[in-house]
Amino acid sequence: MNRTFALVGNPNVGKTSVFNRLTHSSERVGNWHGVTVDKVAKVTKHNSEIEIVDLPGIYSLTAYSMEETVSRDEILSKGYDLIIYICEANNLARNLYLALQLIELDVPFVIVVNMMDELFAKGMNIDAKLLSDRLKVPVTCLSAKNGFDADRLMIEVTEYAEQFTSNKLKLPYIQKLPIWQMREIISNTQNKSSDNELLYYFIKALEGDDYSLNKLSVSQNQRKSITALGNYKEQIAALRYEFIDKITEEVVVTENTKKFKFSTINNKLDKLLLNKYLALPIFLLIMSGIFGITFGLVGKYCTQILTIGKDYLIELLNGVLKGTALLPWMNSLLLYGIIDGACSVLVFLPQIVTLFFFLALLEDSGYISRVAFMTDGIFRKIGLSGRAVFTILTGLGCSASAVTTARGLEDDNTRKKAVMLTPFISCSARLPVYVAISAAFFVERSALIIFGLYLLGISILVLIAAIFQKTKLRSGDGPFIMEMPQYRFPTYERVAQIILSNAKNFVVKVGTVILCFNVIIWVLCNFSFTNGFVEIGEGLSIMEKISGIIAPIFKPLGFGSWKAVTALMSGLIAKEAVISTIVNLGGAQSVFFDQLSALCFMVFTLLYVPCVATIASTYREIGIKWTVFSIVMQLIVAYLTALAVRIVVLAFKNGIFYGLIALAFCIAVVVSFTMVLSIMTKNKRRVRCFSGCNNCNDIQNCCK
Amino acid sequence: MPLTYAKINADYVITKVKESSAIRRLLDLGFTPNSIIRVRSVEPKLEAMLVEIRGVLVALRKSVTDSILVEVKN
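Keep in mind that this is a model prediction, so the values were computed, not measured.

How each quantity is defined
Residues numbered from 1 in each chain as written. Chains lettered and ligands numbered in written order. Predicted model: local features only at pLDDT ≥ 70, side-chain atom pairs only at ≥ 80, totals over all residues. Heavy atoms only, no water. Helix = DSSP H or I, 4+ residues; strand = E, 2+ residues; numbered from the N terminus. Rg over C-alpha atoms; globule rule 2.2 N^0.38 Å. Buried < 20%, exposed > 50% of the residue type's maximum accessible area, 1.4 Å probe, protein only. Contact = heavy atoms within 4.5 Å. Areas by Shrake-Rupley, 256 points an atom, 1.4 Å probe, with all protein chains shown as cover. Pairing = 2+ DSSP bridges. Axes fitted to C-alpha atoms, helices over the stretch in contact; angles between N-to-C directions. Domains from an automatic or database assignment. Salt bridge = Lys/Arg side-chain N within 4 Å of Asp/Glu carboxyl O. Polar contact = N/O pair within 3.5 Å; in protein donor to acceptor, adjacent residues only side chain to side chain. Nonpolar A, V, L, I, M, F, W, Y, C, P; charged D, E, K, R; others polar. Buried area = accessible area lost by both parts, 1.4 Å probe. Core = buried A, V, L, I, M, F, W, Y, C linked by side-chain atoms within 4.5 Å.

**Student:** So what's going on with the overall build of chain A? Which residues, and what values?
**Tutor:** Along its length, chain A carries 30 helices and 11 strands. Rg of the C-alpha trace for chain A: 29 Å, near the compact-globule value of 27 Å for 704 residues, within the 12% margin. C-alpha atoms of chain A, sized along the principal axes, occupy 85 × 65 × 55 Å. Looking at chain A residue by residue over its 704 residues, the buried ones come to 57%. By sequence separation, contacts in chain A at least 24 residues apart represent 73% of the contacts at least 6 residues apart. Only carbon and sulfur atoms are counted for the fraction: they give 62% of the accessible area of chain A, which is about 30,400 Å².

Pasting the structure below:
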């Protein structure tokens, strides 16, 4: 018989790690809130077929963000045979808070206490039998990081799911709540829920939970009567925690008082890394180090070695193919359209692996959450929140997946802005473009140029976010509440998983999308509408005709050639295709006229419309209207920034004085634009509601 | 007094969590009356605080710490 089990728990308790162990998958795990933003399902075989569903983290059944709404709806739908409730051993009290709500709801669930290794390291333990006895729910203690017997766990939970009828625990605090009065007030309810379910909805209604009040079809008068019963919001939470505290006092056992060094190390690290004066310089130092090693040391030598290998391979194959009966155009397609195009992207794998190695270390250690905390003040000023750091970090890897992480952001406007601005962060697909072009034109300063491009992307993000603050996309001082994970030693397994999954994605993409697209581009560049096979540069090929029409638009930017336009167009499929197309068309030296046109091209590539996958993700997150807006905005921003770079550099070539004037002019244009926007929207500004509701924009008329 | 004015590394007891858009989340995280709270760090621009409650570190923006009333633990 097929069954469906859901993995539920607070954020960052290791649900996905347990999911991966149970289903032998490699879903992304992370040491920060919001890694899983949608439900992920996989079927696994343990005697019978079982579908395991991993849900996003949730603190309580009152949802606070989009990802939490997904989890709440799934739990309340009761569409699962059993819930596997994952708790963090270090933080049992807070984790049991949601467990109590599952008992109130009377759903079948088992408790799995994860991260026991960290509790042992502190010299503590959990009496699982006693905890199970107190909550009348099976309890298993394990460490997903170190591995556990998945088969045994599945057998135990399946047996429990088969025999479950109702939870036997009578929660003592329910007697202190006015449940009978609630029954009288909502006696006319059309709700067909069971008695146990009604009890849950009554408690939630007393807490003022909108979802439950709507579920019970409570009228305005009934709402007033419920409010008249008293303010139970604080009281219910306090009663739950009072009950939990009694249990945790009994079940959490200290075995060795000498092992308390772990929390001391955490405190000392926080003292240093979150120091009022040192926090930001330390962060900048770490990031500079990472970029220096990735693009300087590794980039310089590894890519050089691989490029020599690639050139040797092509020479070898050229010799072999000459001796065959292949037609010249077939030779050209195989050598330059397929092998050279794909290999010219693959040689950048070492940089991508190195970048993800360092990012994985930062992510897994718990430092990134601290960065979110210490940059919140800066992000708040531009209408984002510290949590945007997670979106930016993911954006360094892949823009398409980064836009989905914005779901965890506090309010609708902040989320929209994060989705539209994330593509300005340079993703790993753009890395080969910078490395190849800067290596060809800025040999000694290539690492500096690449670092500068990353900084430019972040600066543009900050600037546009600041401009958005002057428009109807303004975000106010919304609540920023974020749990901080403990510092952890990055594990070999998790770091390897992050590196391997990113390297695999890169290689697979090159071997599939880029390869196919290279062939298409090669055909379009080497065949004409009427004359069949033609040489590149004769002005006869299909691509030369199409790109030639668009090319004049880019003349002011210094790269108004059909080759550059073709490369930009191919970047819409995947950014890696930009460099393979350039190689197909004869290399960077034949596409760009000089250093400046190459620089402007890199700036444009950094900022213009991301790949189709990101556009699709953007559409899913914010709808068609805002997707079209973001595409147009990105094209305009890319064009104007590349133009500004060209004007400023040309002016500097005529002397520092002219350069400074040009720079001042560009800044003045941006400031004037922001001021005009500010004046235009001054009287239209409203104080937004941040209660998490989707229906109202005005705090005065908040539907809550 | 509001938690915003609490000293770093001193223990306080929560007396009340004022009504705000963040109250539900604060209560869910254990910011309930009589809970012991300690400020561990302050963000460089003094706009956010890192507090320890029930053994867990939670980052809170100033607008949120304003709504948590505390008194010094005896």
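Following the structure, the description resumes.
**Student:** With reference to specific residues and values, describe the sheet that holds strand 1 (residues 11-17) of chain B.
**Tutor:** Ordered by their spatial adjacency, 6 strands build an open sheet running 9(A)-4(B)-3(B)-2(B)-1(B)-5(B), and the pairing between neighbours is antiparallel. A strand with exactly one partner marks an edge of an open sheet, and here the two such strands are strand 9 (481-484) of chain A together with strand 5 (68-72) of chain B. Between one strand axis and the next, the sheet turns by 40 degrees as a mean value, whatever way the strands run. Note that strand 1 of chain B and strand 2 (residues 36-42) of chain B share 3 bridges and pair antiparallel. Paired with Val13(B) across the two strands is Ile36(B), which belongs to strand 2 of chain B. Set on the sheet, helix 16 (residues 367-374) of chain A makes contact with strand 9 of chain A together with strand 2, strand 3 (48-53) and strand 4 (56-61) of chain B; between it and strand 9 of chain A the angle comes to about 150 degrees.

**Student:** Explain the domain arrangement of chain A to me, and be specific about the residues and the numbers.
**Tutor:** Residue and element names in this part refer to chain A. The domain architecture assigned to chain A consists of domain 1 (3-163), domain 2 (186-230) and domain 3 (279-475 + 494-613). Each partner contributes residues to the interface: domain 1 has 12 residues there, and domain 2 has 9 residues. Where domain 1 touches domain 2, the interface holds 1 salt bridge. Close ionic contact of Glu 197 with Lys 78 constitutes a salt bridge, the shortest N to O distance being 3.6 Å. Viewed at the interface, domain 2 and domain 1 are joined by 2 residue pairs in polar contact (both at pLDDT 80 or more). Listing elements by their share of the side of domain 1 that touches domain 2, those giving two or more residues are helix 2 (66-76) and helix 3 (92-105). The greatest single-element share of the side of domain 1 that touches domain 2, amounting to 4 residues, is contributed by helix 3. When its residues are assigned to classes, the side of domain 1 that touches domain 2 shows 4 nonpolar, 3 polar and 5 charged.

**Student:** Residues and numbers for helix 24 (residues 542-550) of chain A, please.
**Tutor:** Three or more residues of helix 24 of chain A are buried, namely Ile542(A), Met543(A), Glu544(A) and Ser547(A). Against helix 23 (492-526), strand 10 (527-528) and helix 25 (562-570) of chain A lie the buried residues of helix 24 of chain A.

**Student:** Tell me what's going on with the interface of chain B and chain A, and back it up with residues and numbers.
**Tutor:** On the side of chain A, 44 residues touch chain B, which itself brings 36 residues to the contact. Of the roughly 3,600 Å² buried between chain B and chain A on both sides combined, carbon and sulfur atoms contribute 56%. When residues of chain B are sorted by the area they lose upon contact with chain A, Arg24(B), Arg25(B) and Arg61(B) head the list and together hold 23% of the total. Linking chain B with chain A are 6 salt bridges. Our count for the chain B to chain A interface comes out at 16 residue pairs in polar contact (both at pLDDT 80 or more). Taken together, the elements giving at least two residues each to the side of chain B that touches chain A come down to strand 1, helix 1 (23-28), strand 2, strand 3, strand 4 and helix 2 (62-65) of chain B. By residue class, the composition of the side of chain B that touches chain A is 19 nonpolar, 6 polar and 11 charged. The pairing of strand 9 of chain A with strand 4 of chain B spans 4 bridges and is antiparallel. Its bridge partner being in strand 4 of chain B, Met484(A) is matched across the sheet by Leu57(B).

**Student:** Got a sec to walk through the nonpolar core? Specific residues and values, please.
**Tutor:** Counting residues in hydrophobic clusters, the biggest one holds 111 residues, and the most contacted among them are Ile437(A), Phe559(A), Ile582(A), Phe592(A) and Phe601(A). A total of 10 residues in this core trace back to one element, the largest contributor, which is helix 28 (residues 595-607) of chain A. Not counting residues up to four positions away in its chain, the partners in contact with Phe592(A) are Ile437(A), Phe441(A), Phe559(A), Ala564(A), Ile582(A), Ser597(A), Ala598(A) and Phe601(A). Val8(A), Tyr80(A), Leu216(A) and Val56(B) belong to the second largest nonpolar core, which has 90 residues in total.

**Student:** Tell me about the pattern of salt bridges, and name the residues and values.
**Tutor:** Enumeration over the complete set of coordinates arrives at 31 salt bridges over all chains. The salt bridge involving Arg94(A) is made with Glu483(A); its shortest N-O contact spans 3.0 Å. Of the two residues, Arg94(A) is situated in helix 3 and Glu483(A) in strand 9; the sequence distance between them amounts to 389 residues. The same class applies to Arg94(A) as to Glu483(A), namely buried. One connected set of salt bridges, linked through shared partners, spans Glu104(A), Lys204(A), Glu207(A), Arg240(A), Arg24(B) and Asp28(B).

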